[in-house]
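Architecture at a glance
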Amino acid sequence: MRQNILTTIILFTIIASLRLNAQSDMKLSIKPSLSLINSTESIYINSLNNERNSKSINLGLDLNYKLNVVNDIGIYTAFSKTLHPFMPQGAIDYDFNKANAIFYGLNYELHLIPLFSGVNNLKIDIYNIAKVGLVSQFWHPYNGGIDESNDTESKHTLEYGLGLGTSYSISKQLGIFIEYNFGKFLNDDYTKLRYGIKFTL
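The structure reproduced in this document is the subject of the present report. Every chain is numbered on its own, with residues counted from 1 as its sequence reads. Reporting in this predicted model follows two pLDDT cut-offs: at least 70 for local features of residues, and 80 or more for side-chain atom pairs to be given and counted; totals over whole chains, interfaces and linings ignore these cut-offs and use all residues. As a rule here, side-chain values come from all non-hydrogen atoms in the structure, and water together with hydrogens is ignored.

**A short note on the sheet that holds strand β2 (residues 55-66)**
Pairing between two strands is assigned when DSSP locates at least 2 bridges connecting them. The way it works is that DSSP assigns letters per residue, a run of H or I at least four long becomes a helix, a run of E at least two long becomes a strand, and they are numbered from the N terminus. The antiparallel closed barrel is built from 8 strands, whose spatial order is β1-β2-β3-β4-β5-β8-β9-β10. If you compare each strand with its neighbour and ignore which way they point, the axes differ by 25° on average. Here 13 bridges tie strand β4 (residues 95-111) to strand β5 (residues 124-139), and the two strands are oriented antiparallel to one another. By the bridge assignment for β5, Ile-102 is matched with Ser-136. With axes taken as lines fitted to C-alpha atoms, and helix axes fitted only over the stretch in contact, angles between N-to-C directions fall between 0 and 180 degrees.

The structure is reproduced here in structure tokens:
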């Protein structure tokens with residue numbers, strides 16, 4: 001009997017806390033995003049045949065967990081097509097191998113409006129962002145007209161950044177956002193503008 005009462009109390013406490021959290025915030029957010037990055041290192045940009053090739057689309061996805069109304073932590077991943085430079089035999093200028101770049105790491109969001117005013121659940125949110133992670137590039141070497149496609153080379157680069165973001169909630173589960181970051185990113189990028197959709201669960 002006592003065990004049943006204790007179990008009931010525990011379940012009631014858990015359900016009540018979940019209801020309180022649901023009234024203030026949902027816990028998980030999924031953020032698909034789009035941005036542009038340098039397709040190769042800046043010192044090789046002049047070697048590209050077309051300036052449009054100097055930028056690559058970066059498709060990203062963040063998964064964040066809300067610790068409380070102020071703090072979110074999470075993970076991110078992204079994908080881009082990039083260019084890896086090499087000097088062909090007998091050439092006087094660089095050529096490029098097409099590479100796949102995979103981005104992955106950790107992120108943190110500090111929500112400023114509830115931090116300074118205590119007001120929560122507004123349609124507009126303003127937050128600071130911190131990110132740190134790795135970029136892994138993979139390519140098949142192509143040198144001097146010889147396709148060495150059976151081989152795969154790779155390069156791994158650290159990236160990190162701090163920035164500011166803002167989002168607007170269209171509904172309780174759907175919103176849009178835009179973020180601007182300063183830091184050290186792939187291929188000598190020091191700023192990154194990205195925007196996307198936010199799903200809250």
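That shown, we press on.
**Examining the pattern of salt bridges**
One side-chain nitrogen of Lys or Arg within 4 Å of one carboxyl oxygen of Asp or Glu is enough to make a salt bridge. According to the stated counting rule, one finds 7 salt bridges in the structure shown. We note a salt bridge from Glu-109 to Lys-31, for which the minimum N-O separation is 2.8 Å. Taken together, the residues Glu-109 in strand β4 and Lys-31 in strand β1 (residues 28-38) connect sequence positions 78 residues apart. One exposure class covers both Glu-109 and Lys-31, and it is buried. Between Arg-194 and Glu-179 there is a salt bridge; the shortest N-O distance is 2.8 Å. Placement of the pair is Arg-194 in strand β10 (residues 189-200) and Glu-179 in strand β9 (residues 174-185), with a sequence separation of 15 residues. With respect to class, Arg-194 is no different from Glu-179; both count as buried. Linked by salt bridges that have partners in common, Lys-31, Asp-62, Glu-109, Lys-131, Glu-179 and Arg-194 make up one network. Residue exposure (1.4 Å probe, protein chains only): buried if accessible area is under 20% of the type maximum, exposed if over 50%, otherwise partly exposed.

**Some points on the environment of Thr-191**
Here Thr-191 lies in strand β10. Looking at Thr-191, the relative accessible area reads 32%, which means it is partly exposed. Placed 11 residues apart in sequence, Thr-191 and Tyr-180 show a C-alpha to C-alpha distance of 7.2 Å. Here, two residues are considered to be in contact whenever any of their heavy atoms come within 4.5 Å of each other. Filtering out sequence-adjacent residues up to four positions away, Thr-191 remains in contact with Tyr-180, Asn-181, Phe-182 and Phe-185.

**Describing the pairing of β5**
As defined by bridge partners, β5 adjoins strand β8 (residues 153-169) across 16 bridges and the pair is classed as antiparallel. Looking at the pairing, Val-132 lines up with Tyr-160 of β8.

**Focus: the nonpolar core**
In terms of nonpolar packing, the biggest core is built from 7 residues, these being Ile-37, Tyr-76, Ala-78, Ala-101, Phe-103, Val-135 and Leu-186. Looking at this core, the elements with two or more residues in it are β3 (71-86) and β4. Sequence-distant contacts of Phe-103, defined by excluding residues within four places in its chain, comprise Ile-37, Asn-58, Tyr-76, Thr-77, Ala-78, Phe-79, Ser-80, Leu-134, Val-135, Glu-159 and Leu-186. Nonpolar cores were defined as sets of buried Ala, Val, Leu, Ile, Met, Phe, Trp, Tyr and Cys residues, with membership established by side-chain atoms within 4.5 Å.

**A look at the side chain of Ser-56**
Tracing the backbone shows Ser-56 in strand β2. Overall, Ser-56 belongs to the buried group, its relative accessible area being 10%. A polar side-chain atom of Ser-56 sits 2.6 Å from the main-chain carbonyl oxygen of Lys-81. Filtering out sequence-adjacent residues up to four positions away, Ser-56 remains in contact with Ser-35, Leu-36, Ile-37, Ser-39, Lys-81 and Thr-82. Distance and chemistry together define a polar contact, namely a pair of N or O atoms within 3.5 Å, with one atom able to donate a hydrogen and the other to accept it when in protein, and with adjacent residues in sequence counting only for side-chain atoms on both sides.

**Focus: the packing of aromatic side chains**
What counts as a ring pair is set by centres within 6.5 Å for rings of Phe, Tyr and Trp (its six-membered ring), and what kind of pair is set by the plane angle: stacked under 30 degrees, edge-to-face over 60, tilted for all other angles. With the rule as written, the count across this model stands at 1 aromatic pair. Ring geometry for Tyr-180 against Phe-182: centres 5.1 Å apart, planes inclined by 80°, an arrangement best described as edge-to-face. The exposure class of Tyr-180 is partly exposed, given its relative accessible area of 36%. Positioned above the aromatic ring of Phe-177 is the side chain of Lys-31, whose terminal nitrogen or guanidinium carbon lies 4.5 Å from the ring centre. Across from the ring centre of Tyr-76, 4.5 Å away, lies the NZ or CZ of Lys-131, which sits over that ring. Sitting over a ring, as applied to charges here, requires NZ of Lys or CZ of Arg to be within 6 Å of the ring centre and within 35 degrees of the ring normal.

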